[in-house]
Amino acid sequence: MQIQLTVNNTVHRLDVPDSALLVEVLRGQLGLTGTHIGCDTSQCGACVVHVDGRSVKSCTMLAAQADGQEVITIEGLAAGEALHPMQDAFRNCHGLQCGFCTPGMIMSAVELVQRSPGLTEAEVRKGLEGNICRCTGYQNIVKAVLEGASGMNAPAAS
Amino acid sequence: MNRFVYSKATSPRDAVRSHGKSTKAKYLAGGQTLLPAIKQLLDAPERLIDLSGAGLEGIDVGRKTITIGAMTRHADVAASEQVREAIPGLADLAAQIGDAQVRNRGTIGGSVANSDPAADYPAALLALSAIVHTNARKILAERFFLGLFKNALKSGELITKIEFQIPTTSAYEKFPNPASRYAIVGVFAANFDQSTRIGVTGAAHSAFRWMEAEDHGRGIKNLSNVGLDQSTFNNDIYASATYRAHLLRVLTLRALGRL
Ligand code: FES
Ligand code: FES
């Protein structure tokens, strides 16, 4: 079927199988391999992207369901060469080891902060329930999200 | 994953017509259970009818009831000021379903139609004397949940909205499975003018009302001698039936204590 997706601000008209998952189209058809597939059971969160401003598991949504909507992937976060504050915080705080879970962690974290700007450590841990880090580096991930939150809430440097 | 044909319904009537009571067709709500089931080959529908364009979302607060459209996402119920004000336990329950991403897609109608024995909403439906509205009729929650993944829906019947009675106070207590976030046991307690109602999920094959405990109502300090039929209690690698019965007593006391 024909669908139209706006991915990272670029409009794509695509011909996709009815049963294609959003993650398959992002990775396979659009070559955006920053979004990962870490499980078959919709539990790991490696595939999280934003669809119309909400974080979703792109392995648990059909591309057809995203027709006409706006998708942001990890590739769409940075402004050119300048990393998004959340990406920067993950780098700073050593919030990744192998990096496989990181794109999903960052996409979940960004929405979390957008929804509740003044969030506490406990809220970060609760908010990341849908993201699993197989390297189990959660301490630094939580630290990174808190630092990323201050970065996102800081008045933009002009 | 098996292939299927996707279509998007433009109204409830359009959805029902295109389903046509076919055993090969399924409605697609939020897809947070159905799509994983299809991916794992536990289900293989030939046609999926997406309900997201059928105009079934929204929260409507009346004097005595709150009515929630079947396609309303868990995150929207959790974030609704109106729900939180009228039935705080229901907003709390919605905020505890799955994880943030599941709540962003999953819907109340999908959860109720699936009737998972460990899903959260059924406990609230039973405690709040909810009415399940479908394209064809209205079904009282107590006549809706009939067993393990079994409910009163007929083939092709479509849930359009759920109507909850507004209690004077309400509370939800849940002990989640740490991996799946489903309830090992969940208890929804609600006080109405003349009565207390207790809805239980996770413990048995189907959500149920614990009427023996309701009779004792608020103020009770010890539930150990209150009758509890454990014949259909779940007994699995996560928790034995005995453990679930114990959890149920603890959580019920906690929920009643918050009323
Ligand atoms: S790939 Fe694991 S949740 Fe999507
Ligand atoms: S950094 Fe390796 S899975 Fe999280």
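Note that the structure is predicted; figures quoted are calculated from it, not measured.

A.B. asks: What exactly am I supposed to notice about the overall build of chain A here?
C.D. replies: Across its full length, chain A holds five helices and five strands. For chain A, the sequential pattern of α-helices and β-strands runs β-β-α-β-β-β-α-α-α-α. Relative to its length of 158 residues, chain A is compact, with a C-alpha radius of gyration of 15 Å against a globular reference of 15 Å. Counting only C-alpha atoms and orienting by the principal axes, one finds that chain A spans roughly 45 × 40 × 25 Å. The burial tally for chain A puts 44% of its 158 residues in the buried class.

A.B. asks: Help me understand the environment of Glu-57 of chain B in this model?
C.D. replies: Within the secondary structure layout, Glu-57 of chain B lies in the loop between strand E3 (47-50) and strand E4 (59-61). Remark: the alpha-carbon pair of Glu-57 of chain B and Met-71 of chain B, spanning 14 residues in sequence, is separated by 4.7 Å.

A.B. asks: Explain the interface of chain B and chain A here, please?
C.D. replies: Interface size is commonly expressed as the accessible surface area that is lost when the partners come together. Chain B puts 20 residues into the contact, and the matching count from chain A is 23 residues. Mapped onto the side of chain B that touches chain A, the elements with two or more residues apiece are strand E1 (5-8), helix H2 (34-39) and helix H6 (100-105) of chain B. Residue contributions to the side of chain B that touches chain A peak at five residues, all from H6 of chain B.

A.B. asks: Can you walk me through the domain arrangement of chain A in this structure?
C.D. replies: Residues and elements named next belong to chain A. With domains assigned, chain A is organised as domain 1 (2-76) and domain 2 (85-153). The C-alpha centroid of domain 2 is placed 21 Å from the C-alpha centroid of domain 1. At the level of secondary structure, the elements contributing two or more residues to the side of domain 1 that touches domain 2 comprise strand E3 (48-51) and strand E4 (54-57). Class assignment of the residues belonging to the side of domain 1 that touches domain 2 gives a composition of six nonpolar, eight polar and one charged.

A.B. asks: Even after reading the chapter, I still don't get helix H5 (residues 88-95) of chain B, so can you show me in this structure?
C.D. replies: An α-helix turns once per 3.6 residues; consequently, residues spaced three or four apart project the same way. Residue and element names in this part refer to chain B. Counted residue by residue, H5 has six buried out of eight residues, so it is predominantly covered. Among the residues of H5, those classed as buried are Gly-89, Leu-90, Ala-91, Asp-92, Leu-93 and Ala-94. Contact partners of the buried residues in H5: helix H3 (74-79), helix H4 (81-86), helix H8 (121-127), strand E10 (159-165), strand E11 (169-176) and strand E12 (183-191).

A.B. asks: So what exactly am I meant to see when it comes to unusual backbone geometry here?
C.D. replies: Among all residues except glycine, the phi angle is most often negative; among peptide bonds, the trans geometry is most common. Positive phi outside glycine occurs at His-94 of chain A, with the angle close to 55°. Positionally, His-94 of chain A belongs in the loop between helix H2 (85-92) and helix H3 (102-115). For His-94 of chain A, a count of 13 C-beta atoms within 10 Å puts it in the partly exposed group. One non-glycine residue, Phe-149 of chain B, lies in the positive phi region at around 55°. Along the chain, Phe-149 of chain B turns up in the loop between strand E8 (145-147) and strand E9 (150-151).

A.B. asks: For this particular structure, what's the right way to read the nonpolar core?
C.D. replies: Generally speaking, a soluble globular protein has its nonpolar side chains buried in company with each other. Among the nonpolar cores identified, the biggest contains 120 residues, and Leu-51, Ala-124 and Val-187 of chain B are the most heavily contacted of them. For Val-187 of chain B, the residues in contact, after removing those within four places along its chain, are Ala-123, Glu-173, Ile-198, Val-200, Leu-248, Leu-251, Thr-252 and Ala-255 of chain B.

A.B. asks: Whenever I open this one, the sheet that holds strand E1 (residues 2-7) of chain A confuses me. Can you help?
C.D. replies: Picture the strands of a sheet paired through backbone hydrogen bonds; they go either parallel or antiparallel. Residue and element names in this part refer to chain A. Pairing is mixed across the open sheet formed by five strands, whose spatial order is E2-E1-E5-E3-E4. Strands with a single pairing partner mark the edges of an open sheet, and in this sheet they are strand E2 (10-15) and E4. Each strand of the sheet is rotated relative to its neighbour by a mean of 40°, with strand direction disregarded. Relative to strand E5 (residues 70-72), E1 runs parallel, the two sharing two bridges. What sits directly across from Val-7, in E5, is Val-71. Along the sheet, H3 contacts E3 and E4; its crossing angle with E3, the most-contacted strand, is approximately 40°.

A.B. asks: Just checking my understanding: could you explain helix H5 (residues 138-153) of chain A for this structure?
C.D. replies: All names here are of chain A. Relative to the 22 Å expected for 16 residues at 1.5 Å per residue, H5 spans 22 Å between its end C-alpha atoms, a close match to the ideal helical length. By the burial criterion, the buried members of H5 are Ile-141, Ala-144, Val-145, Gly-148 and Ala-149. The buried residues of H5 occupy an angular sector of 140° when projected down its axis, which confines them to one face. With respect to the buried face of H5, the exposed residues turned more than 90 degrees away are Gln-139, Ser-150 and Asn-153. Contact partners of the buried residues in H5: H2, H3 and helix H4 (121-127).

Cut-offs applied
- Residues numbered from 1 in each chain as written.
- Chains lettered and ligands numbered in written order.
- Predicted model: local features only at pLDDT ≥ 70, side-chain atom pairs only at ≥ 80, totals over all residues.
- Helix = DSSP H or I, 4+ residues; strand = E, 2+ residues; numbered from the N terminus.
- Rg over C-alpha atoms; globule rule 2.2 N^0.38 Å.
- Buried ≥ 20, exposed ≤ 12 C-beta atoms within 10 Å, placed from the backbone.
- Contact = placed C-beta atoms within 7 Å.
- Domains from an automatic or database assignment.
- Nonpolar A, V, L, I, M, F, W, Y, C, P; charged D, E, K, R; others polar.
- Core = buried A, V, L, I, M, F, W, Y, C linked by C-beta atoms within 7 Å.
- Pairing = 2+ DSSP bridges.
- Axes fitted to C-alpha atoms, helices over the stretch in contact; angles between N-to-C directions.
- Expected span 1.5 Å × (residues − 1).
- Arc of directions from axis to C-beta.

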